[in-house]
Amino acid sequence: MALTPRKTYPELTALAAPVVDGDVLAAYRSPGPLRRLTASTFADYIKAFFSPTTGAGLVGAIITQTGGQARTLGDAFLDQSHNVMNFIPANLRSAIRAGTSTANLSTYVQAAIDAVGLVYFPSGRYNFNVTITRSYAGLVGEQAGNQELDGTWIAGTVFWPVDYALPLVNVDANTAGETLNYITFRDFYAFGWSDGPGIKTVGTGTLRRVDYVEMTRIQIYRFGTGLQLQAGGLDWVLTDVHSLHNAVDGVNIDTTTGPCNGWLWAKCSFTQNGRHGLYARKTDISIEVSYAHTFIGCASEYNGTDTDEMLIRAWYFSNFDQVTMIGCTGEGSAYLRSGVDCVE
């Protein structure tokens, strides 16, 4: 049986632009008394329809590249969940992108690391001090940007500490004796003007060691010590890492909790630091031997006043073994002090 409307309404006269609050856009009965949809109520419906909790799942995303598949915006944004901007309030983002931000972002960056682990930082200036307490985590920028002393902004990702006495990034653990795995630092410029270290791995009491670390295309400039590595670790790969103009050491490996085994350094430089370029020692000589460090195309020049320090200056060399250097340059009369198995 065909259904017929109980009552019909004449077509509404077109509204003259602009539509203002109170204009009737439609009339309907659903069921019950006659209802009118006004401009203001329609706007409310649209806002509710496209709210952050529901709207992204209702709007399609067109992927224009050949082979691209249709997706909803909500589905597409899932792949951007590691973007730090998802954790930073909207009113702070424009200054970050412009490289002029002075806001303390520590709370937001820490929340991002705790939530997703490996966090992506688009080009901009970010001011924070954070701690990594989990595996599969790290900081990945767009590229190493810079900000000249005259304020000129060079596009890229730049990190500044908020508290100059603390590390920019502290790698620690929540559980005593824990080993963290797969920590990544890539494509950023860390600018200090501070007394604290740039990146620090803590090796006293809580964190045992950090294994499988990647550092790629990063610059660490004007901290107390650029890299302060107090926890041992296995299989570190450092490529195109530059620690420059730090007050004390470019890199300080002072392990207290485990060996440093199987480290590869390629195209790294440790230049114009106050004391040493790369300073390696074992605080506790009873700890097992550190071995298999390979340096390829690295440079350590114009550091402090020690003429016998070229690439590594170390104490307790009986605990460092199998150090290989290929195509490295530096100052002084020797790459290493005596007592190390070094192949040049």
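Just so it is clear, the model here is predicted, and its values are computed rather than measured.

Student: Could you give an account of the overall build of the protein chain, with specific residues and numbers?
Tutor: Secondary structure summary: the protein chain contains four helices and 29 strands in total. Looking at the 344 residues of the protein chain, the share that counts as buried comes to 44%.

Student: So what's going on with the environment of Pro167? Residues and values would help.
Tutor: Here Pro167 is to be found in the loop between strand S11 (157–160) and strand S12 (169–171). Residue classification places Pro167 among the buried positions, given a relative accessible area of 13%. Placed 29 residues apart in sequence, Pro167 and Gly196 show a C-alpha to C-alpha distance of 5.1 Å. The contacts of Pro167, once residues within four sequence positions are left out, are Asn129, Pro197, Gly198 and Lys200.

Student: Give me the lowdown on a nonpolar patch on the surface, citing residues and values where you can.
Tutor: A contiguous nonpolar surface patch, about 290 Å² in accessible area, is contributed by Val237, Leu264, Ile296 and Ile326. If you trace the backbone, Ile296 turns up in strand S24 (residues 290–296). Classification of Ile296 as partly exposed rests on a relative accessible area of 36%.

Student: Break down the nonpolar core for me, citing the residues and quoting the values.
Tutor: If you look at the biggest cluster of nonpolar residues, it comprises 56 residues, and the most contacted ones within it are Tyr126, Phe128, Leu139, Phe185, Met215 and Trp265. For this core, the element with the most residues is strand S15 (residues 207–221), which contributes six residues. Not counting the four nearest positions on each side in its chain, Leu139 is found in contact with Ile113, Leu118, Val119, Phe121, Phe128, Ile132, Phe159, Val169, Thr184, Phe185, Arg186 and Phe188. One finds Val158, Trp160, Phe191 and Leu244 within the second-largest nonpolar core, a separate group that totals six residues.

Student: If you had to explain the packing of aromatic side chains to someone new, which residues and values would you point to?
Tutor: All chains considered together, the criterion is met by 17 aromatic pairs. Note on Phe121 and Phe159: the rings are 4.9 Å apart at their centroids and 70° apart in plane angle, and the pair reads as edge-to-face. Of the two residues, Phe121 sits in strand S5 (residues 118–121) while Phe159 sits in strand S11, which places them 38 residues apart along the sequence. Exposure class is identical for Phe121 and Phe159. Each is buried.

Student: Report on the pattern of salt bridges, specifying residues and quantitative values.
Tutor: With the rule as written, the count across this model stands at four salt bridges. Salt-bridge contacts for Asp211 lead to Arg209; the nearest nitrogen and oxygen are separated by 2.9 Å. For the pair Asp211 and Arg209, a shared accessibility class is recorded, and that class is buried. The residue Asp249 makes a salt bridge to Arg275 at a minimum N-O spacing of 2.7 Å. Residue Asp249 is found in the loop between strand S18 (236–244) and strand S19 (251–255), and its partner Arg275 is found in the loop between strand S22 (269–271) and strand S23 (278–282); the two are separated by 26 residues along the sequence.

Rules behind the numbers
- Residues numbered from 1 in each chain as written.
- Predicted model: local features only at pLDDT ≥ 70, side-chain atom pairs only at ≥ 80, totals over all residues.
- Heavy atoms only, no water.
- Helix = DSSP H or I, 4+ residues; strand = E, 2+ residues; numbered from the N terminus.
- Buried < 20%, exposed > 50% of the residue type's maximum accessible area, 1.4 Å probe, protein only.
- Contact = heavy atoms within 4.5 Å.
- Patch = residues over 30% accessible without salt bridge, like charges linked within 9 Å, V, L, I, M, F, W, Y side chains within 5 Å.
- Areas by Shrake-Rupley, 256 points an atom, 1.4 Å probe, with all protein chains shown as cover.
- Salt bridge = Lys/Arg side-chain N within 4 Å of Asp/Glu carboxyl O.
- Core = buried A, V, L, I, M, F, W, Y, C linked by side-chain atoms within 4.5 Å.
- Phe/Tyr/Trp six-rings, centres within 6.5 Å; stacked < 30°, edge-to-face > 60°.

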